[in-house]
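In case you want the letters, here they are:
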Amino acid sequence: FVSQDADADLRSAQQKKANMDCAVEYVLPDGLTIFRPRVKTAEDEKTLAKAFTNPRHAPQVARLTQERFMVPEVYFHPSDVGINQAGIAELAMQAVESLDPVLAPALLSNVLLVGGSSKFPGLAERFRTELRELSPADCEVKVWAEGPEAQKCAWRGGKGLVASGEYRSRAITKQEYQEHGADRVLAWKFY
C-alpha cells in the first residue's frame, strides 16, 4: 500500500514493530507444496506447523511491516534509493508546465494513472495530494485510477496508434536517430 504520510508511518513502525497495524505475514512458496505466495491466515497458523514433523521443512513465513509502504515510496522520492530524479508528482507538473499555460487547468483536472502500479491501495490519493501541493491554487486537481483495465491502458494506447496507420509516419528509424539526434528527429516527426 502507499502511505499517505510515510515519515509518520515509519516512526510508528519503528516504535511498535511487534504489533503494528500494517504488519502482514506472507507464506512463501517452497516449490513443493506451496507454489504461490499468500497472506498468512488463521487457518495457516494451525495447519502449517502441524503438517510438518520437522519444523525445518515447514514453509517460510516473511513478516513485512514498513517494507509494505516504503517500497512504493520510491515513486515519490527516488533519491531515497540513490536515483537522482524527480518523483511522479514533480514529473507530472514538469509535463504540464512544458505546455501552454492555458492548458494547465484542463490537464490537472484530468490526470489518469495507468499501469499495474496504479492499483496500489492509496496511490491515487497520495499522488493527488502531492500534485495539489505543486499545482497553482486556482486549478482543480483530479486524479483517476479506476477501472479493472488500468494496467492495460498503455498497451491499448500503443495498439491504437499502430492500428491507426499513423505509426509508420511517426516512427523513428535508428539511422534517422543516429544521423540527426533525438531533439531534431522528435521535432521533425511530432511538431
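The residue numbering used here restarts from 1 in each chain and proceeds along that chain's sequence as written. Since the coordinates come from a predicted model, pLDDT governs what is reported: local features require at least 70, and pairs of side-chain atoms require 80 or more to be given and counted, while whole-chain, interface and lining totals use all residues. Where side-chain values are given, they derive from all heavy atoms of the structure, hydrogens and water being excluded.

S.K.: Quick question: what am I supposed to make of the overall build of the chain here?
M.R.: Broken down by element type, the chain carries ten helices and five strands. Sorting the 191 residues of the chain into buried and exposed places 25% on the buried side. By definition in these notes, contact holds between two residues if any of their heavy atoms fall within 4.5 Å. A fraction of 59% describes how many contacts in the chain between residues 6 or more apart in sequence connect residues 24 or more apart. Approximately 13400 Å² of the chain is accessible, and the part contributed by carbon and sulfur atoms is 56%. Only DSSP runs of H or I covering at least 4 residues are called helices, and only runs of E covering at least 2 are called strands; the numbering of each starts at the N terminus. Working definition: with a 1.4 Å probe on protein chains only, accessible area under 20% of the residue-type maximum means buried, over 50% means exposed, and in between means partly exposed. Every accessible area reported is derived by Shrake-Rupley at a probe size of 1.4 Å, with residue values counting cover from the shown protein chains alone.

S.K.: Is there a simple way to explain the pattern of salt bridges in this structure?
M.R.: Whenever a carboxyl oxygen of Asp or Glu lies within 4 Å of a side-chain nitrogen of Lys or Arg, that contact is scored as a salt bridge. Scanning the entire structure with this criterion turns up four salt bridges. One salt bridge connects Glu-25 with Lys-40, and the closest N-O pair in it is separated by 3.5 Å. Taken together, the residues Glu-25 in strand E1 (residues 24-27) and Lys-40 in the loop between strand E2 (38-39) and helix H2 (42-51) connect sequence positions 15 residues apart. Look at Glu-25 and you get partly exposed, because its relative accessible area is 27%. The partner of Arg-126 in a salt bridge is Glu-73, with the nearest N and O atoms 2.7 Å apart. Of the two residues, Arg-126 is situated in helix H6 (residues 123-134) and Glu-73 in the loop between helix H3 (67-70) and helix H4 (88-97); the sequence distance between them amounts to 53 residues. The buried category is assigned to Arg-126, whose relative accessible area is 5%.

S.K.: Can you walk me through the pairing of E1 in this structure?
M.R.: Side-chain direction in a regular strand flips from residue to residue, so the side chains alternate between the two faces of the sheet. Examined bridge by bridge, E1 and strand E3 (residues 61-64) share four bridges and lie antiparallel to one another. From the neighbouring strand, Val-27 faces E3, where its bridge partner is Val-61. Where E1 and E2 come together, two bridges link them in antiparallel fashion. Bridge pairing links Val-27 to Arg-38 in E2. At least two bridges found by DSSP between two strands is the condition for calling them paired.

S.K.: For this particular structure, what's the right way to read the sheet that holds E1?
M.R.: Adjacent strands of a sheet form backbone hydrogen bonds with each other and so pair up, either parallel or antiparallel. Across the sheet, three strands lie side by side as E2-E1-E3; this open sheet has antiparallel pairing. Edge positions in the open sheet fall to E2 and E3, since each of these has one partner strand only.

S.K.: Looking at this structure, I do not really get the nonpolar core. What am I missing?
M.R.: The nonpolar side chains of a soluble globular protein tend to be buried, and buried together. Take the buried Ala, Val, Leu, Ile, Met, Phe, Trp, Tyr and Cys residues and link them wherever side-chain atoms come within 4.5 Å; each set so joined is a nonpolar core. Leu-108, Leu-113, Phe-127, Leu-131 and Val-143 are the most contacted members of the largest nonpolar core, which totals 17 residues. Elements supplying a minimum of two residues to this core: H4, helix H5 (104-108) and H6. Among the elements that take part in this core, H6 stands out by supplying four residues, more than any other. Setting aside anything within four residues of it in sequence, one finds Val-143 in contact with Val-111, Leu-113, Ala-124, Phe-127 and Arg-128.

S.K.: What should I look at first to understand the packing of H4 against H6 in this one?
M.R.: When two helices pack together, you describe them by how their axes are tilted relative to each other and by the distance separating the axes. For helices, the fitted line uses only the C-alpha atoms of the stretch in contact; every axis is such a line through C-alpha atoms, and the angle between N-to-C directions lies from 0 to 180 degrees. At a closest axis distance of 9 Å, the pairing of H4 and H6 adopts a crossing angle of 50°. Relative to H6, the element H4 is oriented oblique. You can see that H4 and H6 cross each other, and the crossing is right-handed. Side by side, H4 and H6 meet where Ile-88, Ala-89, Glu-90, Ala-92 and Met-93 of the first sit next to Leu-123, Phe-127, Glu-130, Leu-131 and Leu-134 of the second. All residues other than Ala, Val, Leu, Ile, Met, Phe, Trp, Tyr, Cys, Pro, Asp, Glu, Lys and Arg, Gly among them, are scored as polar; the first ten of these are nonpolar and the last four charged. Broken down by class, the residue content of the contact of H4 with H6 amounts to eight nonpolar, no polar and two charged. Angle categories: roughly parallel below 35 degrees, roughly antiparallel above 145, roughly perpendicular from 65 to 115, and oblique for all the rest. What makes a crossing left-handed is the near helix being turned counterclockwise from the far one by less than a right angle; a clockwise turn instead makes it right-handed.

S.K.: Sorry, what's going on with the side chain of Ser-118 here?
M.R.: The topology assignment puts Ser-118 in the loop between strand E4 (111-112) and H6. In terms of polar contacts, Ser-118 uses its side chain to reach the backbone carbonyl oxygen of Gly-115, at 2.5 Å. Among residues more than four places away in sequence, those in contact with Ser-118 are Leu-113, Leu-123, Ala-145 and Ala-150. Here a polar contact is recorded for every N or O atom pair within 3.5 Å, except that within protein the pair must consist of a potential hydrogen donor and a potential acceptor, and residues adjacent in sequence are included only if both atoms are side-chain atoms.

S.K.: Would you mind going over H6 with me for this structure?
M.R.: Helix span, as expected, comes to 1.5 Å for every residue beyond the first. With twelve residues, H6 should reach 16 Å at 1.5 Å per residue; the first-to-last C-alpha distance of 17 Å fits that figure. Considered for burial, the residues of H6 that qualify are Leu-123, Ala-124, Arg-126, Phe-127, Glu-130 and Leu-131. Seen from one end, H6 has its buried residues packed into an arc of 165°, which puts them on one side. Where H6 is buried, its residues contact H4, H5, E4 and strand E5 (143-144). Arc definition: it is the arc formed by the directions from the helix axis to the C-beta atoms.

Remember, this is a structural readout, not a statement about activity or role.
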